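Inside the fold
Below, each chain spelled out in residue letters.
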Amino acid sequence: YRDLHTFELQAPTRLIEWARENRVCVAGYGQCDGNEILQLIPPPTLLTKETQGLCPERDFKVECGGFSERPVYSLKYVPDTSLLVTSGPPDSSLQVWQVSAEDSDVIKSVSTIATENATGQSWAKIATISARAPWVLHGSRLDRVQITEVESRKNVYTAASRGSEELSSLAFLDCNLLLLCCATGRLCLADTRQPQGLVEAVPAPSVPCSEHWCMGTRHAAQGSEPSSQPVARLSSRGLLALTDLRKTSEFLALAKARVPSPGSGAEFLCVSWAPALEGYLAISGFDGTVHVYDTQSWDSSGREAEPIFVHKGHVFGGAGGSRDPPLVTVHTWHLQKPRTLLSAASDGSLHVWDWVQPCGKC
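Analysis parameters
Residues numbered from 1 in each chain as written. Predicted model: local features only at pLDDT ≥ 70, side-chain atom pairs only at ≥ 80, totals over all residues. Heavy atoms only, no water. Helix = DSSP H or I, 4+ residues; strand = E, 2+ residues; numbered from the N terminus. Contact = heavy atoms within 4.5 Å. Polar contact = N/O pair within 3.5 Å; in protein donor to acceptor, adjacent residues only side chain to side chain. Buried < 20%, exposed > 50% of the residue type's maximum accessible area, 1.4 Å probe, protein only. Pairing = 2+ DSSP bridges. Axes fitted to C-alpha atoms, helices over the stretch in contact; angles between N-to-C directions. Salt bridge = Lys/Arg side-chain N within 4 Å of Asp/Glu carboxyl O. Disulfide = S-S within 2.5 Å.

From N to C terminus, the chain includes 1 helix and 28 strands. Long-range contacts, defined here as pairs at least 24 residues apart, represent 53% of the contacts in the chain between residues at least 6 apart.

What follows is about the side chain of S92. Take S92: it is sitting in the loop between β7 (83–87) and β8 (94–99). In this structure the side chain of S92 is engaged in a polar contact, spanning 2.9 Å, whose partner is the side chain of T115.

Looking now at the pairing of strand β18 (residues 213–216). The alternating pattern of β18 places W213 and M215 on one face and C214 and G216 on the opposite face, and all of these are buried. In this sheet, strand β19 (residues 231–235) lies alongside β18 in antiparallel orientation, the contact comprising 4 bridges. In the strand pairing of β19, M215 is matched with R233.

Moving on to the sheet that holds β8. Across the sheet, 4 strands lie side by side as β6-β7-β8-β9; this open sheet has antiparallel pairing. Each edge of the sheet is formed by a strand with only one pairing partner; in this case those strands are β6 (74–77) and β9 (107–113). On average, each strand axis in the sheet is inclined to that of its neighbour by 25 degrees, with strand direction left out of account. Here β8 runs beside β9; their pairing, made up of 6 bridges, is antiparallel. Counterpart to V99 in the pairing with β9 is I107.

The next point concerns the environment of H219. Here H219 shows up in the loop between β18 and β19. Taking the C-alpha atoms as reference points, H219 and A274, 55 residues apart in sequence, are found 9.9 Å from one another.

Take the pattern of salt bridges next. Under the criterion given, the structure shown has 12 salt bridges. The residue D191 makes a salt bridge to R193 at a minimum N-O spacing of 2.9 Å. Exposure remark for R193: the relative accessible area of 57% places this residue in the exposed category. With its nearest N and O atoms 2.7 Å apart, the salt bridge here joins R303 to D299. Note on R303: relative accessible area 56%, which makes it exposed. Where salt bridges share partners, they join R258, E304 and E306 into one cluster.

Tallied over the entire structure, the rule returns 0 disulfides. Not engaged in a disulfide, the cysteine C64 finds its nearest cysteine sulfur in C25; these two sulfurs lie 7.2 Å apart. Judged by relative accessible area, which is 3%, C64 ranks as buried. Here C270 is not disulfide-linked; the sulfur of C214 is the nearest cysteine sulfur, at 6.7 Å.

Once that is clear, we can look at unusual backbone geometry. Here the bond from P89 into P90 is cis, since omega is 15 degrees, no more than 30 degrees from zero. Along the chain, P90 falls in the loop between β7 and β8. Unlike most non-glycine residues, R153 shows phi in positive territory, near 60 degrees. Relative to the helices and strands, R153 resides in the loop between β12 (146–149) and β13 (155–158).

Everything listed is a geometric property; what it means functionally is a separate question.
In structure tokens:
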């Protein structure tokens, strides 16, 4: 490691979200009432663009917080606002939170976005954007995807689909294009400019549908087409499929990660592209580790890929007293520091780490 910071939370968390002014938001997912939502100030070394020397303050600080009466399974910061949107059981409704001003340390609930037939539906997957207005894209199934204006709670788009497959991930490619990933691995595109809101399946190569899949997208560089960035899909057996949305008739690359198969549900599967490092991605959700891969040499053979770094800190340095080995529940990349990641585990441990670049790599 070049650097490693640890912080122990009061309860397990499955969420890490970058907020305004380089703050970090986390939330608990316990089934009982009183799940914490916290906004943390990262250690000072993470707030500088260049790596600093020794720093006397190496810990996170709690800046403000609140409590949710329901488990928080998804949390997204709404860009250019002081709002957070969360979702979680027992239905597909959304909760909107206000991060308080400097004179208060409270994150308070301000509204609920109810969805049609929310009762009985699984919790909603969410994505946010503020290109036109503060919007949240949300849905639990392919035929129940919509965009809601966060502040007014007005529905601005509803997708139309004959399928009702369970969704595992969704994302804004830009303010018009939406990409949806079903738990079966099927990718679907939707365009908000189409009056009927049709969802079209991307004719990507088929993937084993007996596995559970999730998706990771990367924001396109300024001035480039949103579809120019590859989409990564990760299966519950560790299969990684990279797809170019401009040429979907074949895999851009296919590889097998060296990970154990997860338990039932595969609810913590996570794959993400490095925002400041070309061709690098990270995966987690199989055990107490996070694997980092360089995909630039991958082909479509499906051979086992060698990770360039494996973070094992949660296995050896997590909170004491846990009966079961910790499971990494989520990870995310630092927005500016190329090789810095944050990860959280089921034992309440929160880690920030930066690995040393292997010799011969730039």
